Amino acid sequence: MKAAVYFGRHDVRITDFKEPPLTDTGVKIAVSYCGLCGTDLHKYDGKGGSRPVIPPVVLGHEASGVILETGKSVSKFQVGERVCVDPNWSCGHCACCQEGMTHMCENSRGVVKGFAQYICPPQENVYPIPDSLSLKHAALAEPLSCCLHGMDLLDVHLGDHVLIVGMGAIGSMMVQLCRLAGAAHIVVVEPQREKKELAVKLGATMFLSPDDDVIGILQQEQLHISRVMECVGLKATIEDAFRYAGKCATVVLFGLGDPQHPAVFDQYSAFQKELTIKTSFVNPHTTQRAINLLSTKAIDCDAIISRIMPLEDVVEELRTQEWFRKGKVIVKIGGDMEER
């Protein structure tokens, strides 16, 4: 099958790769669309993702498609059914799983390599999608499900003042989720000022650049920031998130940090403000909720998507990040398959 395969740092090729095996409890899916994630860029740069990366391996994990075949023990799904997938498999019997922390499973593995023509995940990782949800938008279910876990950790209350660092695809989702959660003010801090119009459209009440006197402006406007969502993962943006947070605020570090450039944590300042600092890892039990939001059009998907590109363009996009910087890149793999 044709796939985008990672062979090592800055070495991704569109090439022929062996098809994944179909197990008795597996579902063979013809991939229609797969989103480009920040973890794909991390892997491209040789920094790993949520799990160790052992090349050669197909990139991509935010997939939607149509079922071609099912394992002999599968009765829930039918050939031709439209689905999306959760790429994170957990064993169900280790200590973490038994305590309900399935995303921390000691035997976890990624079961979706979506920049390819076919995937064969276990049936428990496959989710049917309703007719109201297109295959294109269904490819956003995985990143949205991760955002929902981050939002659960952020715990936005009605009337809260929230600040979001970064207005990429994830930040764009977070703005909408904070709006849906009832935040009174949603402040976005983003260096690309041309993103202001989109931020306001999606629900932001204030747009600032990190070059602005952010803290001074917040004080002038009497906005006590009780919730901060960091969506970038850079050393500077993480440190800024701590600075922007008000007293007794919750800060969620969602962006995938660079292990080679760790943030400096000012524990004394955090102590003085009594900050609650959390990190968000993958998407435990949130995929169906993401599908529900997408299928009812609660999330503006087209505003987030910067480009839909063929598989052949992935290598150049990984190198330049031209469209990734503007929003969500979706890779179309399923040819002229019908979109509904």
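Looking at an unreviewed UniProt entry, one finds the protein named Chlorophyll synthesis pathway protein BchC, with [Clostridium] innocuum 2959 as its source organism. The record in UniProt for the protein states the following under Sequence similarities (unreviewed entry): "Belongs to the zinc-containing alcohol dehydrogenase family." Its UniProt record gives the protein a comment under Cofactor (unreviewed entry), which states: "Zn(2+)".

Right, let's get into the overall build of the protein. Scanning the protein from N- to C-terminus turns up 12 helices and 18 strands. In terms of overall dimensions, the protein is globule-like: its C-alpha atoms have a radius of gyration of 20 Å, near the 20 Å expected for 340 residues. With respect to the three principal axes, the spread of C-alpha positions in the protein is 65 × 45 × 40 Å. Across the 340 residues of the protein, 54% fall into the buried class. For the protein, the share of sequence-separated contacts (at least 6 apart) that also reach a separation of at least 24 residues comes to 71%. Counting every atom, the protein has about 15,300 Å² of accessible surface; 51% of that belongs to carbon and sulfur.

Before going further, it helps to examine the sheet that holds strand S11 (residues 161-165). Read across the sheet, 6 strands follow the order S13-S12-S11-S14-S15-S16 without closing on themselves; strand pairing throughout is parallel. Strands with a single pairing partner mark the edges of an open sheet, and in this sheet they are strand S13 (206-208) and strand S16 (276-279). Shown here is a sheet whose adjacent strand axes are inclined to one another by a mean of 15°, direction ignored. One ladder, built from 4 bridges, connects strand S15 (residues 250-253) with S16; its direction is parallel. The residue of S16 that forms the bridge with Val251 is Ile277.

Right, let's talk about the side chain of Thr39 for a bit. Topologically, Thr39 is positioned in helix H1 (residues 38-44). The class of Thr39 is buried, set by a relative accessible area of 16%.

Per the counting criterion, the structure on display carries 2 aromatic pairs. Aromatic side chains Phe242 and Phe265 sit 5.5 Å apart centroid to centroid with 75° between the ring planes, which places their arrangement in the edge-to-face category. One end of the pair, Phe242, is in helix H8 (residues 235-244); the other, Phe265, is in the loop between S15 and helix H9 (267-273), with 23 residues separating them in the sequence. The exposure class of Phe242 is buried, given its relative accessible area of 12%. The exposure class assigned to Phe265 is partly exposed, which follows from its relative accessible area of 41%. Where Tyr268 meets Phe271, the ring centres are 5.9 Å apart and the plane angle is 40°; that geometry is what we call tilted. Residue Tyr268 and its partner Phe271 are both found in helix H9; the two are separated by 3 residues, about one turn of the helix. The pair Tyr268 / Phe271 is uniform in exposure class, with both members exposed.

Right, let's talk about the nonpolar core for a bit. With 48 residues, the main nonpolar core has Ile164 and Met229 as its most contacted residues. Every element with two or more residues in this core is listed here: helix H3 (135-138), helix H4 (141-154), S11, helix H5 (169-181), strand S12 (185-189), helix H6 (196-202), helix H10 (287-295) and helix H11 (301-304). Considering each element in turn, this core owes the most residues, 7 residues, to H4. Two domains each donate at least three residues to this core, and these are domain 1 (2-128 + 304-332) and domain 2 (147-279). Not counting the four nearest positions on each side in its chain, Ile164 is found in contact with Gly171, Met174, Val175, Cys178, Ile186, Val187, Val188, Val189, Met229 and Cys231. Formed by 42 residues, the second largest nonpolar core is a distinct cluster that contains Tyr6, Val27, Val57 and Cys96.

Calculation notes
- Residues numbered from 1 in each chain as written.
- Predicted model: local features only at pLDDT ≥ 70, side-chain atom pairs only at ≥ 80, totals over all residues.
- Heavy atoms only, no water.
- UniProt positions renumbered as here; feature names shortened; annotations may be inferred.
- Helix = DSSP H or I, 4+ residues; strand = E, 2+ residues; numbered from the N terminus.
- Rg over C-alpha atoms; globule rule 2.2 N^0.38 Å.
- Buried < 20%, exposed > 50% of the residue type's maximum accessible area, 1.4 Å probe, protein only.
- Contact = heavy atoms within 4.5 Å.
- Areas by Shrake-Rupley, 256 points an atom, 1.4 Å probe, with all protein chains shown as cover.
- Pairing = 2+ DSSP bridges.
- Axes fitted to C-alpha atoms, helices over the stretch in contact; angles between N-to-C directions.
- Phe/Tyr/Trp six-rings, centres within 6.5 Å; stacked < 30°, edge-to-face > 60°.
- Core = buried A, V, L, I, M, F, W, Y, C linked by side-chain atoms within 4.5 Å.
- Domains from an automatic or database assignment.

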